Amino acid sequence: MKVKIDTREKFHVISFEEAAITANMTASLRDLATQFLDKDPKNLILNFKETELIDHEILEELTSLHQLFYEQSASFVVCELPETVRKNELAEQLNATPTESEAWDIVQMEEIERELFNDDSSY
């Protein structure tokens, strides 16, 4: 699986450089994404700008990863999904944005929410 990884202050961006993300890449996707749960920052954005096809099994894995990240107080956002994928019911369960810039905004807002929530719990 060909990817480009960009690390920012609050998140990592994984940009897929594959036209198709197929079912046989599911384990590789999980391994790639979960390694960031052990790093700072934990927040992850997956950019599918170059991707035209995403198999159903990959969408299932993305929803599973989404849940895993949020259980560990980390953001997980996908962006620039192919139009055919955006219409899928599983894709609607994801935190998905049309652009990477909007994904950045979501991560930053969720970071602020977590900080506020953690501050409120100390009273």
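Structure: see above.
Our subject in this report is the structure included herewith. Note that the structure is a prediction, hence the values are computed from the model and not measured. (Residues numbered from 1 in each chain as written. Predicted model: local features only at pLDDT ≥ 70, side-chain atom pairs only at ≥ 80, totals over all residues. Heavy atoms only, no water.)

## Considerations on the pairing of strand 1 (residues 3-7)
Direction of pairing for strand 1 relative to strand 2 (residues 12-16): antiparallel, over a ladder of five bridges. The residue of strand 2 that forms the bridge with threonine 7 is histidine 12. Taken together, strand 1 and the strand that follows it, strand 2, pair antiparallel across an intervening segment of four residues. (Pairing = 2+ DSSP bridges. Helix = DSSP H or I, 4+ residues; strand = E, 2+ residues; numbered from the N terminus.)

## Re the pattern of salt bridges
Scanning the model with the defined rule gives five salt bridges in all. The partner of arginine 8 in a salt bridge is aspartate 6, and the shortest N-O contact between them spans 3.0 Å. According to the relative accessible area criterion, arginine 8 is partly exposed, its value standing at 35%. Across the pair glutamate 83 and lysine 87 runs a salt bridge, and its minimum N-O distance is 3.6 Å. (Salt bridge = Lys/Arg side-chain N within 4 Å of Asp/Glu carboxyl O. Buried < 20%, exposed > 50% of the residue type's maximum accessible area, 1.4 Å probe, protein only.)

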